[in-house]
Amino acid sequence: MLSRFNIHQPWKVRFFSRSIGNPDAILVGSCSSSSLPSPEPSTKPSSDQNQIFPLNKLIARHVHSGDIDGALRVFHGMGAKNTVTWNSLLVGFCKDPSRTKEAHQLFDEIPEPDAFSYNIMLSCHVRNGNFEKAQSFFDQAPFKDSASWNTMITGYARRKEMEKARELFYAMKDKNEFSWNAMISGYVESGDLETASRFFKEAPVRGVVAWTAMITGYMKANKVELAEAVFKDMTVNKNLVTWNAMISGYVENSRAEDGLKLFKAMLEEGTRPNSSGLSSVLLGCSELSALRFGRQVHQIVCKSSTLCNDITALTSLVSMYCKCGELGDAWKLFQRMKMRDVVAWNAMISGYAQHGKAEKALSLFSEMRVNKTRPDWITFVAVLLACNHAGLVDTGMEYFDSMVRDYRVEPRPDHYTCMVDLLGRAGKLEEALELIKSMPFKPHAAVFGTLLGACRVHKNVELGELAAEKLLELDPRNAAGYVQLANIYASRNRWEDVARVRKRMKQSNVVKVPGYSWIEIRNKVHHFRSSDRIHPDLDAIHKKLKELEKKMRLAGYKPELEFALHDVEEEQKEKLLLWHSEKLAVAYGCLKLPEGSRIQVFKNLRICGDCHKAIEFMSEIERREIVVRDTTRFHHFKDGSCSCGGYW
C-alpha cells in the first residue's frame, strides 16, 4: 500500500503545511454515510478537468459543515478527480472515530496519495488514541515531513508519554517552532516544570505558545511570581490565551484582585475578551463580592454580538449574580437565556440553594427534567445542598437514592459530604457516621470536617474527638480540625482540653485563618476583624453597637457566651462577642447607608451563633434587611428572623 506514494511531487507539499504542529487541524466535519466511492479513470475530457477546482472547494465546504452526504454526492458526480478531491473527503471520514475503518478503505483507494493523505491518516490514528497503529503507520510511511513528526510528538505529549515524545524529538532532523512548543507544553502538562523550563531556554525561537505554556505551568504550580516574570519578559506579542492564562492563574491562586486589574489592562490594550476569560473574571468578582465590576463585565457581554448569546458567558454572569447576593438579577438573566445547558441549570439551582430557597431550587430541578436536560453529578450536589439548608432530611435521602436508581449518576465524595452535613445538622450524628463507613471509597478529609462541624453544633465531644482525629490523620495541617475541636471543648468549659489542642496546633506549626468580614460602601470595600483596632471610624462603630446592644437586650437578646472562646470573665466575653467582625460590619452599614436600605456583609468563615442571633434583632430594630454571606450560604435577616429558619 505504501509503495504507491510518489515522493517526486514537490508541488503537493505546500498543501499540507497548514497542519504542522496541530494534528487536529486537518480533521474537520463529521461522517454520516458508509458508502465509499471507487477510483475513477485518470483520463477525462478537459471540461471535467476545469471543474475539479470549484468542485473540490464545494466538497471542502460540505465537510467543514459536517455534511458528508453532500460531500459524497458531489464526489460521485465528478467526472475527474485529483488527489486533493480524495483528501478533502478523507478529512471528513477521519473526523468520526467510528469510521476509522472506512477512512482506511478510502485511503487505500486513492490513486496517488500524497504527503497530505498520509498526514490525514496519521492524525486520524493519533486523534482516536490508537498509538500502536499510529506508530506503525508513521514508521512505514515512505515520506515524513515536519507535520508527520510534530503530529506524533504532540500526540505523545498530550498523553504525557514524554519519554516517547522526547525520543522522537531528538530523532527529528528539522525541528521547528511547533516541535519545541509540543515538548514544552507536554512537560508543563506532566508537571515537570524544571525540564519544561530547560527546553524553553534552549528553544531557538520562542513563540507565544511556548511563553503561554510556561505561564500556565507556573500558575498551576502556585508559583505566581515566576509566572509574572515570564509574562513581563515576553518578547512576542501577547495573545488572548496568554492574558487568560494570567487572569485565571491569579483567580485560582486567591489573587482575584490582581486578576481583575490585569483584565482592565487587557481591555486598555485593545484585546477583546472571550467567554473563557470572562468566566475567570466573573469568578474573581464572585470571590471579591465585586458586584459593581461584575455589572461592568455584563455590559461588555451585552455590547458584543458574539458574547451576548454565548451560553458560557451568560452562565458565568448568572453564577456571579447569585454569589454576589443579587438573586433577582440572576433569575432575570436566566429567564432571558435563549439556550440553557446543564451548566446553566446547575448555576441557577445552586444559587437558590445557597440563598436557602429550597422550594424554588427543587422546583427548578423538576422544570429542568421537563425540559429534557439530563442532570449530572453537580446538579445533585446543588439539589442536596438545597435540602441541607432547609433541613429536608427525608427529601434529601430520596434524591440521594434516586441519583443512582433513576439517573445512573454514581455518588462522589461531594454527595456524601452533603448527606453527612444533612444528617449531622438534624442531630443524626450516628447515622452520619454509619454513612461515612458505608462509602464505596476511602473517606476524604472534608467528610470528617463536616461531621466535626455537626458535633460542634450538637456539642457531642466523644464523636467530635473521633472526627477530629480522622480529619487530622488525613490532613494534619487542617486548621479547622483543631479549631472546631477546641470550640467543642470550650462549649463544655473544658479549658484544659482547649489549651492542649491549641498547644498541639502550635507544635504542628498550623496557623488559624483569621476571621474577617467586609462591606462595600460607595464603591469602597471596608474590612473588619474581630476586636478591630484599625478602622478610622471605630469609635462611631463602637458607639452604634452599644446603642444597638441596649435595644437588643430590651427586646430579649442575651449573649450566647459559648461562642466567646476564651477562658475570661463573663463581662469580657460579652465585650469580645459584641466586637465580632460581622457585627462591626453591620454597625458600619447602619451608620453609612441610607435608612431602610439593605445592608450586605460578607465573611470569610462561617457566621458565629451569637452574631446570627444578634443580627436577627438588629434587622428588626433597624427596620431593614441585612444579608450575610458566609462560606456556606446566604443569610437574609428581615423583621427579626432569618431565611435559614435557624437551621444552619
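- In the nomenclature of an unreviewed UniProt entry, the protein chain corresponds to DYW domain-containing protein from the organism Brassica cretica.
- A UniProt comment under Sequence similarities (unreviewed entry) is attached to the protein chain, and it reads "Belongs to the PPR family. PCMP-H subfamily."

**What about the environment of Asn 487?**
- Within the secondary structure layout, Asn 487 lies in helix α27 (residues 479-491).
- Taking relative accessible area as the criterion, Asn 487 reaches 11% and is therefore assigned buried.
- Sequence spacing of Asn 487 and Glu 574 is 87 residues, and the spatial spacing of their C-alpha atoms is 17 Å.

**Overview of the sheet that holds strand β3 (residues 599-603)**
- Read across the sheet, 6 strands follow the order β2-β1-β3-β4-β5-β6 without closing on themselves; strand pairing throughout is mixed. Of all the strands in the sheet, just β2 (524-529) and β6 (641-642) have a single pairing partner and so form its edges.
- Looking at chain direction, strand β1 (residues 516-521) and β2 are connected through 6 bridges and run antiparallel. Opposite Trp 518, over in β2, you have His 527 as the bridge partner.
- The sheet strands contacting helix α32 (residues 609-622) are β4 (626-629), β5 (634-638) and β6, and the helix crosses β5 at an angle near 40 degrees.

**A word on the nonpolar core**
- Membership of the largest hydrophobic core comes to 159 residues, with the highest contact counts inside it found for Leu 90, Ile 215, Val 318, Phe 334, Met 348 and Leu 451.
- Per element, the largest residue contribution to this core is 8 residues, and it comes from α27.
- Beyond its immediate sequence surroundings of up to four residues, Ile 215 is in contact with Ala 227, Val 230, Phe 231, Met 234, Thr 242, Ala 245 and Met 246.
- Counting residues in each nonpolar core, the second largest holds 32 residues, with Ile 541, Leu 545, Leu 578 and Ile 615 among its members.

**Brief notes about the packing of aromatic side chains**
- Applying the stated criterion across every chain, the model contains 28 aromatic pairs.
- Chaining the aromatic ring pairs together yields one cluster made of Phe 169, Tyr 170, Trp 180, Tyr 187 and Phe 199.
- The side chain of Arg 340 reaches across the aromatic face of Phe 334, ending 4.3 Å from its centre.

**A few points about the UniProt feature "repeat: PPR" (unreviewed entry) in the protein chain**
- Residues annotated by UniProt as "repeat: PPR" (unreviewed entry) correspond here to residues 82-117, 145-175, 176-210, 239-273, 310-340 and 341-375.
- Regarding residues 310-340, the helix share stands at 74% and the strand share at 0%, and the terminal C-alpha atoms are separated by 10 Å.
- The span residues 341-375 is 74% helical and 0% strand by assignment, and the distance between its end C-alpha atoms comes to 10 Å.

Conventions we followed
- Counting starts from 1 at the beginning of each chain's written sequence and moves along it residue by residue.
- With the structure being a predicted model, the display of local features is reserved for residues of pLDDT at least 70 and the display and counting of side-chain atom pairs for 80 or more, all residues being used for whole-chain, interface and lining totals.
- To get the side-chain values, all heavy atoms of the structure are used, and hydrogens and water are removed first.
- UniProt positions are given in the numbering used here, feature names are shortened, and annotations may be inferred rather than shown by experiment.
- The helix and strand labels rest on DSSP assignments: H or I over at least four residues marks a helix, E over at least two residues marks a strand, and numbering proceeds from the N terminus.
- Accessible area is worked out with a 1.4 Å probe on protein chains only. A residue is then buried under 20% of its type maximum, exposed over 50%, and partly exposed in between.
- Only strands that DSSP links by at least two bridges are regarded as paired with each other.
- We call two residues contacting when some pair of their heavy atoms lies within 4.5 Å.
- Think of each axis as a best-fit line through the C-alpha atoms, taken over the contacting stretch in the case of a helix, with angles from 0 to 180 degrees between the N-to-C directions.
- Definition used in this section: a nonpolar core is a set of buried Ala, Val, Leu, Ile, Met, Phe, Trp, Tyr and Cys residues joined via side-chain atoms within 4.5 Å.
- When two rings of Phe, Tyr or Trp (its six-membered ring) have centres within 6.5 Å they constitute a pair, described as stacked for plane angles under 30 degrees, edge-to-face for angles over 60, and tilted for the intermediate range.
- For a lysine, the NZ atom is tested; for an arginine, the CZ atom; a charge sits over a ring if that atom is within 6 Å of the ring centre and within 35 degrees of the ring normal.

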